[in-house]
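Here is how the chains run, residue by residue.
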Amino acid sequence: MKIEQYVKKGSFYESVVEDGSDIIFIVDYGGEIYYHNASASETLGYRSKSLMGKNFFDYILPETRDDFQKKLRKSQNRAYTEKVEFQFLCKDGTYRFLEFNAINLKHKQGIPGFILDCRDVTQRKENESELMRLQKAKEQFLANISHEIRTPINGIAGMANLLSQSPSPEERETYLNAIKHSAENLKVIINDILDLAAIESGKLRFEKIAFNLKDLLPSLISTFMYQAKEKKIALDYRIDEKLNKILLGDPVRLNQILINLISNAVKFTHTGSIQIKCTAEREQRGICWVRIEVIDTGVGIPEEKLTTIFESFSQADASVTRRYGGTGLGLTIVKQMVELQNGKIHVVSKEHVGSTFMVTIPYNIGKVNDIAQTAPRKDKTVKDPNTSQLRVLLVEDNDINRLYAKSILKNWHCFIDEAENGLVAIEKIKNNHFDVVLMDVQMPVMDGYEATKAIRMMEQSASLPIIALTANATPTDVDKCISSGMNDYLPKPFTPEDLYQKLFNDLKIKPSMVSQEKPTTMKVIPSYNLNYLRSVSGNNEEFIREMVMTFIQTIPPVLEDMKKAMSTHDWLKLSRLAHQIKPSFILMGLDSLRSDIIFIEENSKLEANLLEVEQLALDFIERCYSMLPELSKEGLPAA
């Protein structure tokens, strides 16, 4: 049969109407059903033709029936009505969301009725509802995070203000401890977010390190003892003797899991006790399934919340954060960390009675000599002589961050130079030798990524170690740092120990024997070159003479001030004076003296190489004076 014959014969009716996926009803204005197709059976569960003669309105969700009837009455005045949603009773007693497009038969045929072409939109409605729930959870999470961040920042700002008001030594100690506590709270929030980002991107790594639970758990429990005693709740643990063995896994991640679970238990328990039980669930083929239970007599979790308690941005109640604090990410991180180690986590809880969180993780069974092989190395102390004389370029646009990093590096006797953006850093590297660059990522003019790429193209700095200092430490940001040519990264905020570990333990950076290049001091009259003045003035002799005479008159007083600054060891003033006259030496084409003054400016500002600065400055002043008579001839009018 050809397609024209198929259409003329009307054979498509069966395919489109009878066998189509849409549910087709024909009803009169009063709602009586005169026809429905087979899809009503497949979707709604009714037998073929079993709804014919019934009233359509009787199957509408009762509380929405009046509204539905109003919409259908309005449709009587239109030829066609689109996308009217309603809920229809199924054979099994449930309601499904349907959406109809109505063709008004009275418009053309004069029949008071409708053809209702209905589609099942239940899944779409469920998706919308779930999306809305997740959106609300996310909004709540952002509100929680905002509150959690603002609270310690307000504390830090307030304590800093009190410190500026000349407190007593005891008050000063109290304020400083409060600032440290607030800073630690901020780090916890940041670490939660970074951990979640690492997990969701699949870039969280797990170590295979030998450990024993009998060593790990007691020290961990002791960190919560003070809080437990303050709340007058008992905190105890029990480890199965079968677990007195060497396990191979990631003790740091296990520690993180337990910290989250125990801190939650302490937070939500106001009377009674907290018990941590560790048992060997089973052993098989060199693997031990470790089961850890954290049992508390706290506030418990409502039954309807147990299914969402491990979701991102979710807590048992929106008021939980307002009352107890927290990001709402802890249990999400715990669940994903457990599952990434092929483990399982389960919770049993009853509101106002308490909760039990059960974690089971399989670990390989190790041997005693595995402990020796994987024992953590001890950090070196900052007295290590390798820190001394290290030449560091600190590239950072934030004054406070610069001051913080500089203070740490000065304690280690490093030579520090600074750049406020990537462009300045490139110029510094062109003219100086450095052992390492600490590179901020987000800066004006030129950011850390672009600066690093440019530095890697410079022959003398292709292998110069560059460490990113970044507040953006998600896996994507870290990849971007490495791909731009950086050797490693250090997330902000960092401690002196973090920086020391990165510089001297991880990257093993040592001061090189290459000294800062310094211009040689020659007891000869420096040569000048007035080509630049001629170029910018169009060879205007009067302009050139005026510029030369201005230079000759203004330089000697500055040279005398430089002598005084050296006599009083006012190195910062010496640096400012050098900076003040540096442009004049460019105008006069005094290139040999210009390189001297750059060295004097930069090193006196850093209070570095001061013996060399002093010697070079004295020589510089002497050479300037010897040059002035020769240059003054250029200032005389032509004969």
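Scroll up a little and you will see the structure.
Residues numbered from 1 in each chain as written. Predicted model: local features only at pLDDT ≥ 70, side-chain atom pairs only at ≥ 80, totals over all residues. Heavy atoms only, no water.

Asks: What exactly am I supposed to notice about the environment of Thr-474 here?
Replies: Tracing the backbone through its elements, the reader meets Thr-474 in the loop between strand E16 (466–470) and helix H16 (475–483). Expressed as a C-alpha distance, the spacing of Thr-474 and Leu-196, which sit 278 residues apart in the sequence, is 9.2 Å. (Helix = DSSP H or I, 4+ residues; strand = E, 2+ residues; numbered from the N terminus.)

Asks: Explain the packing of aromatic side chains to me, please; I cannot follow it from the model alone.
Replies: The way to describe two aromatic rings as a pair is by their centre distance and the angle between their planes. The full count for this structure, using the stated rule, is 21 aromatic pairs. Measuring from centroid to centroid gives 6.3 Å for Phe-310 and Phe-357, while their planes differ by 90°, and the two rings are edge-to-face. Here Phe-357 lies in strand E12 (residues 354–365) and Phe-310 lies in the loop between strand E10 (287–296) and helix H10 (318–324), a separation of 47 residues in the sequence. For the pair shown, Phe-310 and Phe-357 are each scored as buried. Chaining the aromatic ring pairs together yields one cluster made of Phe-25, Tyr-46, Phe-56, Phe-57, Tyr-59, Phe-68, Phe-86, Phe-88 and Phe-100. Here Arg-282 stacks its cationic end above the ring of Trp-289, 3.8 Å away from the centre of that ring. The lysine or arginine in question, Lys-502, covers the ring of Tyr-489, its NZ or CZ lying 5.7 Å from the ring centre. (Phe/Tyr/Trp six-rings, centres within 6.5 Å; stacked < 30°, edge-to-face > 60°. Buried < 20%, exposed > 50% of the residue type's maximum accessible area, 1.4 Å probe, protein only. Lys NZ or Arg CZ within 6 Å of the ring centre and 35° of its normal.)

Asks: How should helix H11 (residues 330–340) be read in this particular structure?
Replies: In an α-helix there are 3.6 residues to a turn, and that puts residues three or four apart on one side. For H11, the full list of buried residues reads Gly-330, Leu-331, Thr-332, Ile-333, Val-334, Met-337 and Val-338. Among the residues trailing H11, Asn-342 stands out with phi positive, at a value near 65°.

Asks: Would you mind showing me how to read the nonpolar core here?
Replies: One broad rule of soluble globular proteins: the nonpolar side chains tend to lie buried together. Counting 45 residues, the largest nonpolar core has Ile-262 and Ile-276 as its most contacted members. Setting aside residues up to four positions removed in sequence, Ile-262 forms contacts with Leu-220, Ile-221, Phe-224, Ile-276 and Val-294. Residues Leu-530, Ile-552, Val-613 and Ala-617 belong to the second largest nonpolar core, which totals 33 residues. (Core = buried A, V, L, I, M, F, W, Y, C linked by side-chain atoms within 4.5 Å. Contact = heavy atoms within 4.5 Å.)

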